Protein chains: 2
Amino acid sequence: MKVSTKGQYATRALLDLALHQDEAPVLLKHIAQRQKISLSYLEHLITPLIAAGIITSTRGPRGGISLARPPEEIGLDEVVQLLEGAISLVECVGNPKVCTMSQSCATREVWDELRQAMMGVLKSVTLRDLMERQREKENATEIMYYI
Amino acid sequence: MKVSTKGQYATRALLDLALHQDEAPVLLKHIAQRQKISLSYLEHLITPLIAAGIITSTRGPRGGISLARPPEEIGLDEVVQLLEGAISLVECVGNPKVCTMSQSCATREVWDELRQAMMGVLKSVTLRDLMERQREKENATEIMYYI
DNA sequence: ACTAAGTTGATAAAATTAGTCAACAATATA
DNA sequence: TATATTGTTGACTAATTTTATCAACTTAGT
């Protein structure tokens, strides 16, 4: 039970984008370098984010990607679901037919409650929150240098 | 991001055990049949549960497995962690050295919060709760037949 | 035209998951 | 004590998923 690199990388890439975005689009190549993700791999993570309307892209010179919405309107639940698939932790939750016992299975309920709890946590964290946290962290480590 | 069959099956097996346990130990074979899990596979899921002191086993004729503690003292967090491994959804949470950016990574915090939320949900559900839910469900479907 | 970007699809290595099989160990009981 | 019954262990394998890489392609700016 883990978040794959897809979800992790996409989240990091979005945060990186949010932090480096002013007017001009941000180069995939630069995000890849800063986040130490292979560019070829990152390209594939970006695609679904574009399709979902989270980021926009422009090709050609001076191209790159930009957030399609303000960061406070981008919840991590959306990002994670996009990259990790519809977190039905267990197949029978989304598709009861796979198991003849589904109707009367108490364990099935628990997996669904777990899913809901996870979504709740992720939904409560937006890209804006991440940006703020990141800046705080960087301030904290800067201060560390003076000690 | 999902619960593997190991976690699912182990939970179902434990619930099955809890529901069918009176004095005599319950046969692995019967659990496997009722839960439609292959016996050979189930054997491997049982081993860590024994090692963790959740169930006890006796070999030979009239053997089988039994709960080692009352069901209200068996939380799903324990079961799931045992079978799925220490749910550090992301490697750098448990082992910050794997990523040079860990100290100042805001995303890392989120995965840890997510982990905590999940553990909280799972911890709040004991085998006793599952038993009660299961019995309710069965009553509910019985009533359905009369309609 | 040419170059700089993103886009897409085919492919593949590596890791994990899910499961099987067979040899083995312990125990009740006839 | 022989034997059938049950759990235990470890080696092995097939399938799937993850994690990429590469190359051909498209689009846009200069």
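Reading guide: rules and limits
Residues numbered from 1 in each chain as written. Chains lettered and ligands numbered in written order. Predicted model: local features only at pLDDT ≥ 70, side-chain atom pairs only at ≥ 80, totals over all residues. Heavy atoms only, no water. pLDDT = per-residue confidence, 0-100. Least-squares fit on C-alpha atoms with pLDDT ≥ 70 in both. Contact = heavy atoms within 4.5 Å. Near = heavy atom within 4 Å. Polar contact = N/O pair within 3.5 Å; in protein donor to acceptor, adjacent residues only side chain to side chain. Helix = DSSP H or I, 4+ residues; strand = E, 2+ residues; numbered from the N terminus. Nonpolar A, V, L, I, M, F, W, Y, C, P; charged D, E, K, R; others polar. Buried < 20%, exposed > 50% of the residue type's maximum accessible area, 1.4 Å probe, protein only. Pairing = 2+ DSSP bridges.

J.: Any details on the confidence of the model for chain A? Residues and values, ideally.
T.: For chain A, the mean per-residue pLDDT works out to 91, and 95% of the residues sit at or above 70. Scored as a whole, the predicted complex attains pTM 0.90, and scored at its interfaces, ipTM 0.89.

J.: For the relation of the copies chain A and chain B, give the residues involved together with the corresponding values.
T.: Expressed as a screw transformation, the operator carrying chain A onto chain B has a rotation angle of 180 degrees and an axial translation of 0.0 Å, and the superposed copies differ by an RMSD of 0.1 Å. Taken together, the rotation angle and the small translation identify this as a two-fold axis. If distances are taken from each C-alpha of chain A to the rotation axis, the shortest is found for Met1(A), at 2.9 Å. Here 100% of the contact residues of chain A are again contact residues in chain B; the copies associate through an equivalent surface.

J.: How would you summarise the protein's contact with DNA strand D if you had to cite specific residues and measurements?
T.: Around DNA strand D sit 25 residues in total, of which Thr5(A), Ser38(A), Arg59(A), His44(B) and Ser57(B) are the nearest. A share of 68% of the atoms of DNA strand D within 4 Å of the protein falls on sugar and phosphate groups. Tyr9(A) is positioned such that a nitrogen or oxygen atom in its side chain is 3.3 Å from a phosphate oxygen of DNA strand D. Measuring from a base nitrogen of DNA strand D, one finds a side-chain N or O atom of Arg59(B) at 3.5 Å. Secondary structure elements with two or more residues in the surface near DNA strand D: helix H1 (5–20) and helix H3 (39–51) of chain A together with helix H3 (39–51) and strand S1 (55–58) of chain B. In terms of residue count, H3(B) provides more of the surface near DNA strand D than any other element does, four residues in total. Considered class by class, the residues forming the surface near DNA strand D number eight nonpolar, twelve polar and five charged.

J.: Which residues make up the protein's contact with DNA strand C, and what values go with them?
T.: Lining the immediate surroundings of DNA strand C are 25 residues, of which Leu28(A), His44(A), Ser57(A), Ser4(B) and Ser38(B) lie closest. When the atoms of DNA strand C within 4 Å of the protein are sorted by group, sugar and phosphate make up 63%. Between DNA strand C and the protein, one listed contact pairs a base oxygen with a side-chain N or O atom of His44(A) at 2.8 Å. The leading source of residues in the surface near DNA strand C is H3(A), at four residues. When the residues that make up the surface near DNA strand C are grouped by side-chain class, the tally is eight nonpolar, twelve polar and five charged.

J.: Which residues make up the environment of Leu14(B), and what are the values?
T.: Residue and element names in this part refer to chain B. Its location among the elements puts Leu14 in helix H1 (residues 5–20). For Leu14, a relative accessible area of 2% puts it in the buried group. Non-local contacts of Leu14, meaning those with residues more than four positions away in its chain, are made with Leu49, Ile54, Ile55, Leu67, Val79 and Leu127.

J.: Quick one: what's the story with the pairing of strand S1 (residues 55–58) of chain A, residue by residue and with numbers?
T.: Residues and elements named next belong to chain A. As paired elements, S1 and strand S2 (residues 64–67) share four bridges and run antiparallel to each other. Across the sheet, residue Thr56 finds its bridge partner in S2, namely Ser66. Following S1, the chain reverses through five residues before pairing antiparallel with S2; Gly60 in that reversal takes a positive phi of roughly 80 degrees.

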